Each structure stands twice: as C-alpha cells, then as structure tokens.
Amino acid sequence: MALLENLVLVFVAGLITALATGLGALPFFFFDGISDRRNVVLWGLASGIMLSASTFGLVNEGLAEGTPLEIAIGLLAGVGLVVVAHDVLLDADIDPQQYEEADFKKLVLILGILTVHSFPEGVAIGVSFADLGLEGGTELLGFTVPLLAVFMTVAISIHNIPEGTAISIPLTSMGVAKWKLVWWAVFSSLPQPIGAVIAFGFVRYAREFLPYGFGFAAGAMIYLVLTEFVPEALDIGEELPRGGKPELAGGILVGVLVMVPLAFV
C-alpha cells in the first residue's frame, strides 16, 4: 500500500509540472500576444532555472550518492538518449499549429514526439523523489518528502510556463479558443508524470543506479537547454537590438539567482 501511495504522490508531482505548462497560456486571456523581448526573457529564465536545477540539484545530489565517473556516465547517457531520439523522430517533428487539426493517430504521434522533450524532465522529478519516506526530508501531506524533490518540482514547473507560452503563440494566430490553448499546453507536458513514476520506481528499487539516474536527468536537461531553449530564444529575439542576447543573458542570470539559494536550503 505504501508503494502505491508513493507512486501516486510522484505522479501528482509530475502532473503539477504538466499543469504549470498551462499557465503559459493565461496571458492570452488578457492580451493579444507577448512581445518578443518578454518572450526571450522568459526563455532565458527557464534556461537559467533548468541549468541551476541540473547542476546544483541533480549533479550535486548525485555526487553525494556516487562517484564523479558514475555521474559522468549518466550525463553522457542522458545526452545520448535525447540525441538518438531526435534523430529517430527528426522527420516527424511537428508544429503546435498541427495540434488543433490532428486526428487521433496524429495526436498519438505528436505525444510520442513530445515525449522526447518532456520525458527527461519527468525522469528528473522521479529521481529526485528517490529518498521519499526516508529521514532528512520535510513533512508534506503526511509524507517525508526530500527537499530535492520539492526543489525540482518547483524548478520544472516554473520552466514549463514559457514552454506553454511558446505553444500558445502559433495556436493563437489560428484563432484557437483560449481555453483550448491551456489544454494543448498541458498536453505537451503529459509525458512528465509518466516519466516521473517510471524513474522513481527504477531508482527506488535499484539504488545502485541512483547516481547514474541523477547524471542521466541532468545531462538530458542541460542538453535540451543548450540545443533547444537557447536557440529558440535567439530565434525569437533575432529582430531585437543585439539579437536579444542581453535579454537572454538577463533571464538566465535571474533564473540562476532565483534557484541557487533553494538548492542549498
């Protein structure tokens, strides 16, 4: 029974991060759009948060559980999986504008592609809950929750908001109903609670792989930041002065400054 309760809690944490993606659509209820400058800052903020969470959260915790070599192997495995998954699904890449027009089979394909982007974040959540119920955590809803799990859930939730905004922009141009913007944004992150449960179950009962799990999640997320989030921000800011780089750098700095203190609570 305790196992089921733990799995439900981990699933709920992953679901919270997925629901947070829907927050990125809320500005469109009040405004027609978001300026490129603010959008670049949001992507920078998300990048800073994820880099902080990966480095000061996952890697730091991994070093407490294992050796630098184990963490390095995990990092490379995380990067490798994302690279391979991208290569396999490259020709099937999709645009959010296709969401509204897709039939069931297309939606399944889209969800599979989104898994490449969202699953590593779910893995990070699941791995961070490895010490659930053990000493050293904080009491929450009757559970002893590791501080790292709280940190990662908050970090990924904040990071998901600009992703929801990015998904909503092309859908808004199609005249999609505002409430549907929220649904499609959440839909894009549905693999996260699934990834969280799978990762938690694996590292909880195969503790010897925990350092590799921390490294894997960190490697995948750092790679996604460097190859997707930062290039996305630079594309959006292409028409801004200096290509939006000051806004991007400022957002990254704020993201790091906000999350670093939480990592050492």
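Residues numbered from 1 in each chain as written. Predicted model: local features only at pLDDT ≥ 70, side-chain atom pairs only at ≥ 80, totals over all residues. Heavy atoms only, no water.

Asks: How do you make sense of helix H2 (residues 36–65) when you look at a structure like this?
Replies: Counting along an α-helix, one turn takes 3.6 residues, and residues three or four places apart therefore face a common direction. End to end, H2 covers 42 Å across 30 residues, agreeing with the expected 44 Å (1.5 Å per residue, within 8%). When the local axis directions of H2 are compared, the greatest deviation, roughly 30°, occurs at Ser54. (Helix = DSSP H or I, 4+ residues; strand = E, 2+ residues; numbered from the N terminus. Expected span 1.5 Å × (residues − 1). Bend = angle between axes of the 7 residues up to and from the residue.)

Asks: Mind showing me how you'd approach a negative patch on the surface here?
Replies: A surface patch of negative charge is lined by Asp36, Glu232, Asp235, Glu238 and Glu239. By the element assignment, Glu232 lies in helix H8 (residues 210–236). Taking the relative accessible area as the measure of exposure, Glu232 reaches 34% and is therefore partly exposed. (Patch = residues over 30% accessible without salt bridge, like charges linked within 9 Å, V, L, I, M, F, W, Y side chains within 5 Å. Areas by Shrake-Rupley, 256 points an atom, 1.4 Å probe, with all protein chains shown as cover. Salt bridge = Lys/Arg side-chain N within 4 Å of Asp/Glu carboxyl O. Lys, Arg positive; Asp, Glu negative; His and termini not counted. Charge placed at Lys NZ, Arg CZ, Asp CG, Glu CD. Buried < 20%, exposed > 50% of the residue type's maximum accessible area, 1.4 Å probe, protein only.)

Asks: Is there a simple way to explain the nonpolar core in this structure?
Replies: The nonpolar side chains of a soluble globular protein tend to be buried, and buried together. With 44 residues, the main nonpolar core has Leu58, Phe129, Leu132 and Met152 as its most contacted residues. Counting residues per element, the ones that place at least two in this core are helix H1 (2–23), H2, helix H4 (104–128), strand E2 (143–145), helix H5 (147–173), helix H7 (191–205), H8 and helix H9 (245–263). The element contributing the most residues to this core is H8, with 11 residues. Those residues in contact with Leu58, other than ones at most four positions away along the chain, are Ala53, Ala124, Leu148, Met152, Phe214, Ala217, Ala218 and Met221. Judged by nonpolar contacts, the second largest core, of eight residues, contains Ala25, Ile167, Leu181 and Trp184. (Core = buried A, V, L, I, M, F, W, Y, C linked by side-chain atoms within 4.5 Å. Contact = heavy atoms within 4.5 Å.)

Asks: I would appreciate a short explanation of the environment of Gly243 in the present structure.
Replies: Tracing the sequence through the fold places Gly243 in the loop between H8 and H9. Through-space distance from the C-alpha of Gly243 to that of Ala233 is 9.5 Å; in sequence the pair is 10 residues apart. Contacts of Gly243, omitting those with residues within four sequence positions, involve Leu234, Gly237 and Glu238.

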